[in-house]
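These are the residues of each chain, in order.
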Amino acid sequence: MTEALAFLEQARRHLLASEPDIALERIKEFEQSLLAGQVRKDSVNACSQALLAVRALADAAREGVAAAQRQLAEISALSRKLDTYDREGRRIGSPVAQPREKRF
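Residues numbered from 1 in each chain as written. Predicted model: local features only at pLDDT ≥ 70, side-chain atom pairs only at ≥ 80, totals over all residues. Heavy atoms only, no water.

Caption draft 1: Spotlight on the overall build of the protein. In terms of regular secondary structure, the protein is built from three helices and two strands. By residue count, 16% of the 104 residues in the protein fall in the buried class. Here the contacts in the protein between residues at least 6 apart in sequence split such that 41% fall between residues at least 24 apart. With the model as given, the accessible surface of the protein reaches about 8600 Å², and the carbon-plus-sulfur share is 54%. (Helix = DSSP H or I, 4+ residues; strand = E, 2+ residues; numbered from the N terminus. Buried < 20%, exposed > 50% of the residue type's maximum accessible area, 1.4 Å probe, protein only. Contact = heavy atoms within 4.5 Å. Areas by Shrake-Rupley, 256 points an atom, 1.4 Å probe, with all protein chains shown as cover.)

Pasting the structure below:
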């Protein structure tokens, strides 16, 4: 296994271990070895396949984080609208929490 291919394999393992910062470092090391011309011609196809696998994992992780953010936003919005009712069906009390200030 070439050094460049090893960087990609390490990046894949770090993505699977939920360590995106370390995975990014390995991708940068791969890029440096690629720019330095250290990737042999016979390993280009293997590197290409490994890079596609890393990209697919990164895309899946990004989509998962976005879905979790949407779910948390929905839970937060719903939790501010919890109402309580008396036995006759009249609403009592006030909202559980005030709307949070958005910073971004």
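Now that the structure has been shown, the text picks up again.
Caption draft 2: Region of the structure containing the packing of helix H1 (residues 3-16) against helix H3 (residues 44-79). Between H1 and H3, the least distance of the axes is 9 Å, while the angle of their chain directions is 20°. As summarised for this structure, H1 and H3 are arranged roughly parallel, according to the angle between their axes. As for the relative orientation of H1 and H3, their crossing is left-handed in sense. Here H1 contributes Ala4, Leu5, Leu8, Ala11, Arg12, Leu15 and Leu16 to the contact with H3, which in turn contributes Ala46, Cys47, Ala50, Leu51, Val54, Leu57 and Ala58. Tallied by class, residues from the contact of H1 with H3 come to 13 nonpolar, no polar and one charged. (Axes fitted to C-alpha atoms, helices over the stretch in contact; angles between N-to-C directions. Parallel < 35°, antiparallel > 145°, perpendicular 65-115°, else oblique. Left-handed = near helix turned anticlockwise from the far one by under 90°. Nonpolar A, V, L, I, M, F, W, Y, C, P; charged D, E, K, R; others polar.)

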